[in-house]
Amino acid sequence: MLTVGKMRKALVAHEQVIRRALTALFPSPDEPLSLDAIAMGVEEEDGEDLADMLLATLNQFGKVPHFISYLRARGADPVPLPRDRIFARNIARFTGIEIGEPLHPSFDLGALGDFAARAEAFRCRITLDDAAEGSGAFVAPNLVLTASHVLDRLFAPRADDSPAPRLGIIASDGERYPATCVQRWPYHDGEVNGALPPDGMAQTHVDIALLRVFMPLGQAYGCIDVSADPPDFVGPSMFTLVHYPEGRETGFVSGRVRRDGPGASRLPHDIDTAGGSSGGPGFDRDLRFLGIHQGRWQNVRRLVPYERFRDEPRFRALIEENSKLRFLWSLDRNIEGPLIIGRRQFNTGLAAMLEKPTSRLRGIWIRREDTNSIRGLGFSYDMLEAYLLLHERPDAVLPHRCIRISPSLRTTDLLADLAQLALEDDLGPEALPGTGDGQTTDVAHQESRADALMQAMQRRAEAKGQTWWVFFDNPPNGLSPDVQVQLEHIARHLPTRANLRLILAGYETYRLAPLRFGNVAEADTARRAGLLVEELGPFTRSDVEATINAMITSLSPEAELRPARLQEMTEMSLQGLVADATGEFSGNDLGTVAAQLRRQVKAFLGVDA
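Residues numbered from 1 in each chain as written. Predicted model: local features only at pLDDT ≥ 70, side-chain atom pairs only at ≥ 80, totals over all residues. Heavy atoms only, no water.

### A closer look at the packing of aromatic side chains
Then step 1. In total, this model carries 12 aromatic pairs according to the counting rule given.
Then step 2. Relative to F315, the ring of W185 has its centre 6.1 Å away and its plane inclined at 70°; by these criteria the two rings are edge-to-face. With W185 in strand β5 (residues 176-185) and F315 in helix α8 (residues 313-323), this residue pair connects regions lying 130 residues apart in the sequence. For the residue pair W185 and F315, the accessibility class agrees, reading buried in each case.
Then step 3. Note on Y306 and F309: the rings are 5.8 Å apart at their centroids and 65° apart in plane angle, and the pair reads as edge-to-face. (Phe/Tyr/Trp six-rings, centres within 6.5 Å; stacked < 30°, edge-to-face > 60°. Helix = DSSP H or I, 4+ residues; strand = E, 2+ residues; numbered from the N terminus. Buried < 20%, exposed > 50% of the residue type's maximum accessible area, 1.4 Å probe, protein only.)

### Here we look at the sheet that holds strand β18 (residues 530-536)
Then step 1. Sheet architecture is open: six strands sit in the order β14-β15-β16-β13-β18-β17, paired in parallel fashion. What marks the edges here is a single partner per strand, and that holds for β14 (400-405) and β17 (515-517). Direction aside, the axes of adjacent strands within the sheet are offset by 25° on average.
Then step 2. By the bridge criterion, three bridges tie β17 to β18 in an arrangement that is parallel. What sits directly across from F517, in β18, is L532. (Pairing = 2+ DSSP bridges. Axes fitted to C-alpha atoms, helices over the stretch in contact; angles between N-to-C directions.)

### Notes on helix α5 (residues 109-122)
Then step 1. Between its first and last C-alpha, α5 extends 20 Å over 14 residues, near the 20 Å set by a 1.5 Å rise per residue.
Then step 2. Every buried residue belonging to α5 is among L112, G113, F115, A116, A117, A119, E120, A121 and F122, and all of these are buried.
Then step 3. Summarising the contacts, the buried residues of α5 are in contact with α4 (64-73), β1 (123-128), β2 (131-140), α7 (217-221), β7 (235-241) and β10 (281-284).
Then step 4. The residue sitting at the N-terminus of α5 and contributing the capping side-chain oxygen is D108; that oxygen lies 2.7 Å from the backbone nitrogen of A111. (Expected span 1.5 Å × (residues − 1). Contact = heavy atoms within 4.5 Å. Polar contact = N/O pair within 3.5 Å; in protein donor to acceptor, adjacent residues only side chain to side chain.)

Printed below as a string of structure tokens:
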């Protein structure tokens, strides 16, 4: 149970992870919920603190289980078990299999405690008609790995016209989510009676299946790493299984497994299992993914080794397709979330910078055709955060940091403001030697301060192994002449630093002079760093087609979206709207298009409206 006391400890130890959790759990820009916003509601005179208000807010929106799972996936479990009691709730070990005694008969409890928190987040139950049928775990943002035979009832022939059972999962947040089967790899018929697959069939009959959910839960709650090399030990080893026997939560089960060599088609283990355990992932003593539990046919508990299916082409393709998202069509890759239409240049720029971190492309300048409109400017920051979140690994050091600064007429020293935000330095940046106040012109002095600040930010970002993204909101009331000079220097010097990226939202009337690229290819041959220019304005029919195509590719890449069907869905999404003489639609119609587009994609995918 998450108590206020535990929340206080979590805030002290994991504040940055908690901030990212709120961004992931409340992605809608219309209902932002940041830690700073929650802090503003604290009634200190009533004895409240931030932990009280944060827990009350999460309870109000029913997000406590989701919050816990998000933190566990990142090694920040707010309700951890004592590390010497990870296996305290085990079911009994089965002793009917000769495994042998491992050379190292115990786990490293520190590593096990960290792993247990992550595993509690990435595991799930497989359901048919809402009844638990097996176990599974996320291996990509939208993909769950389980055993193929768990789905036998789903694919069993039906003599009448009765509908197939409803396939779904119960995630670690306790919520039920509908799912579809993307691909099954069969088991051999003889395995039902305990036999092994015949020679030559063990590589194709691996008894696994990949399921797809329509929310990127694996991104929030973590995934098994199926890109790493499989374990290569020989003989007995300690082993743990993450499963739901009879659909129950049992904690983590310690046992032993035996691997006789790389040719083994199945690995015997001695952990007791029950109906519902099939598909549960198993891990060796070093907590590397070893395989999935297949069953206990003829009194034999055994795994399908990960090495048997790791390099299967279709398996690899599905994982990679779902793991690498180039086009951000929704803030959280959720079909119910806010949809993004007409931002291909922004998407392309972010993708290029992540794929080629040494490129001369160092940021994006978002410019409006109508400078009286602010539509899309603030939302661009939400898009930036969402894009970076969808490309981070939950179990890795945070690779990116976003710094948002909103200059206004009240700003008297933009460099000091940025230093305080980025470096928590209240003194502000000092000019380089020889360019101090009174030693040179004011313009040169401010340029020296900007250069010094960029150097300091670069050193700090590099030391942390991060890329820092500095996002400047459009100033609603303009900039004073002094601040404008500082901004010009920032725009010139920031893109020259390898670990810094600049996003400018607006600023069309200012004489900023960074090198500008019309497309990402121009950066490949550029001699110096610059910014990609994105023009915000009306949207087109091709923008709607691009969003539909990106949604289908992301949610169901195996689906065949024929050109005629894509054209039909585009027409229905634009129904009732009239383009101008150039074929463009007003940005004011984006809400209508998004609602109609969502209905079309749901109908295509067979998702309940």
